[in-house]
Amino acid sequence: MRDAIHTNTLLDFTHDPSATSWVASANVADCDFPLQNLPLARFRPYQSDAGDAAWRVGAAIGEQVLDLRATGLWTEGDLRGWMAASPAVRRSLRQRLFEGLRTGSALQVEWAPHLHAHNAVQYSLPCEVGDYTDFYIGIHHATTVGKLFRPDNPLLPNYKWVPIGYHGRASSIVVSGTDIVRPLGQRMPPGSTAPVVGPTQRLDHELELAVWVGQGNAMGEPIAIDQAGQHIAGLTLLNDWSARDIQPWEYQPLGPFIAKNFASTVSPWVVSVEALAPFRCAMQPRAADDPQPLPYLHSEQDQQQGVWNITLEAWLQTPAMRERGEAGVLLSRSSLRDGYWTLAQLIAHHTVGGCNLRPGDVLGTGTLSGPLPEQGGSLLEQTQGGKAPLQLPRGEERTFLQDGDSVILRAYAEAQFHLAARRIGFGQCVGTIVSRR
Ligand code: MN
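The structure displayed is predicted, hence computed values, not measured ones.

Enquirer: Go over the overall build of the chain with me, naming the residues and quoting the values.
Expert: A count of helices and strands for the chain gives 12 helices and 26 strands. When the backbone C-alpha atoms are referred to their principal axes, the chain occupies close to 70 × 55 × 40 Å. Burial status across the chain gives 54% buried among its 437 residues. Of the contacts made within the chain by residues no fewer than 6 positions apart, 75% connect residues no fewer than 24 positions apart.

What follows is the structure in structure tokens.
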């Protein structure tokens, strides 16, 4: 246990829930970006007086973005170096940011000119994504979807032994705010004997978290489960857009392909594992007749502290809602705690055969759905495979996404039970569906 991480050693003064910032909007109750969060993104001002349009790294504080290049705290143009850095380097940057933004800091006069309003800046991906793997840890999602695709055999026998995943497509990962073009593809209409090609009629979202890999591993050298947590730099939201009519026709025997490779959206703000320290919690115990994780996937430390108490939400804003100035309607709410595997188990499994992870790689959790039908993290689940349209306010309904619809993912972490901690949020992960020209 010498190398194991203990929660108490991860907590420091940056988690003090009573600390406030001289940026007043950060002190609003339940805001996403209080002083205790300090997530990082790659951004640039829409209009720069200096004519400097270069991408740089910023930290979110309330409704403002602090330019870390201008403060001299982080001068690289993206977050790859931050991800590749040791946890100690990330922690040190976090502590300096916290001290500079704290109420009463002597740096207020120097830093205040380097704040930008969120709506005055443009975001990009945190860094170029080298590789993207999507897992399937949401057991309620896997069971419900399995029933739709294979009524007699919903959860395949490997599910409780192997963290199931597939290699996705890094090139089509886009940042929140990017429009999503409705994909074309093959689908086999019910009762037909030959497929048709056309725009998907069953476009769907998937409510997920993305793990941003920190330090990598050498090829041929698996990451041990007890070390795996230290290879995670931070988390963002992830929407793994899916075409549900293309998927069933193509997914056997090698898994999803065109149904998912056209786009995946991530939120811009990387919430660091350091910020998430107060929200660690235990894995939910496995059912008595479930197998225990194999040794390379099992660590007592990970079982006790390897999950974070993160609540996720999916919202839908239809064009009619947008015209009326309405933010949208909550479709579902779930939790990372509903997952069957920890994020450290995903890292250990991904590398067990010798695969090398690299800083800036993305691992998706898979759709996170709760145990109840209304907690499905995709429309496929919420409409029972398209059979039961969702009733929306003012007489609107949806089975799958229509052109003009926006899906907005949100998430926040909060302390459980007696632990005092300031709630922190992930911001938004937004995509709007547009038709092909
Ligand atoms: Mn997915």
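Enquirer: Outline helix α6 (residues 139-149), listing residues and values.
Expert: If you check which residues of α6 are buried, you get I139, H141, A142, V145 and G146. Along the axis of α6, the buried positions cluster into a sector of 150 degrees, meaning they face one direction only. Against α12 (379-382) lie the buried residues of α6.

Enquirer: Give me the lowdown on the coordination of the manganese ion, citing residues and values where you can.
Expert: The expected angle between donors at a tetrahedral four-coordinate metal is 109.5 degrees. At an octahedral six-coordinate metal it is 90 or 180 degrees. Protein coordination at the manganese ion: the donors are D134 (OD), E206 (OE), E208 (OE) and D240 (OD), at 2.1 to 2.2 Å from the metal. Summarised as a motif, the one-chain spacing of the donors to the manganese ion is D-x71-E-x1-E-x31-D. One end of the pair, E208, is in strand β13 (residues 207-213); the other, D240, is in the loop between β14 (232-239) and β15 (242-243), with 32 residues separating them in the sequence. The exposure classification of E208 matches that of D240, with both residues buried.

Enquirer: Any details on the environment of H140? Residues and values, ideally.
Expert: With respect to the helices and strands, the residue H140 is situated in helix α6. A sequence separation of 167 residues divides H140 from V307, and the C-alpha atoms of the two residues are 17 Å apart. Beyond its immediate chain neighbours, meaning those up to four positions away, H140 contacts D338, S369, G370, P371 and E381.

Enquirer: Which residues make up the pattern of salt bridges, and what values go with them?
Expert: The full count for this structure, using the stated rule, is 18 salt bridges. Between R187 and D245 there is a salt bridge; the shortest N-O distance is 4.0 Å. Residue R187 is found in strand β10 (residues 184-187), and its partner D245 is found in the loop between β15 and α8 (246-250); the two are separated by 58 residues along the sequence. Bridged by salt links that share partners, the residues D204, E206, D240, R244 and K260 form one connected network.

Enquirer: Kindly report on the nonpolar core, identifying the contributing residues and their values.
Expert: Judged by nonpolar contacts, the single largest core of 62 residues is most densely connected at L209, L235, L276, W308, I310, L336 and F426. In terms of residue count, the dominant contributor to this core is helix α11 (residues 343-351) (5 residues). Beyond its immediate chain neighbours, meaning those up to four positions away, L336 contacts I137, L209, V307, W308, I310, L312, L343, T365 and L368. Within the second largest apolar cluster, 45 residues are counted, among which are A26, L66, Y123 and A210.

Enquirer: Please provide a residue-by-residue account of the sheet that holds strand β20 (residues 310-317), values included.
Expert: Reading across from one edge, β9-β26-β25-β20-β21 is the order of the 5 strands in this open sheet, with mixed pairing throughout. Edge positions in the sheet fall to β9 (180-181) and β21 (329-335), since each of these pairs with one other strand and no more. Sheet analysis places β20 next to strand β25 (residues 406-413), joined by 8 bridges and oriented antiparallel. Paired with Q317 across the strands is S406, a residue of β25.

Enquirer: Pulling in residues and values, what's your account of the environment of H350?
Expert: Structurally, H350 can be placed in helix α11. Judged by its relative accessible area of 12%, H350 is buried. The spacing of H350 and I223 is 127 residues in sequence and 8.7 Å in space, taken between C-alpha atoms. Filtering out sequence-adjacent residues up to four positions away, H350 remains in contact with T133, F135, H167, C355, L357 and L363.

Reading the values: the criteria
Residues numbered from 1 in each chain as written. Predicted model: local features only at pLDDT ≥ 70, side-chain atom pairs only at ≥ 80, totals over all residues. Heavy atoms only, no water. Helix = DSSP H or I, 4+ residues; strand = E, 2+ residues; numbered from the N terminus. Buried < 20%, exposed > 50% of the residue type's maximum accessible area, 1.4 Å probe, protein only. Contact = heavy atoms within 4.5 Å. Arc of directions from axis to C-beta. Donors = N, O, S within 2.8 Å, 3.2 Å for Na, K, Ca; no water. Salt bridge = Lys/Arg side-chain N within 4 Å of Asp/Glu carboxyl O. Core = buried A, V, L, I, M, F, W, Y, C linked by side-chain atoms within 4.5 Å. Pairing = 2+ DSSP bridges.

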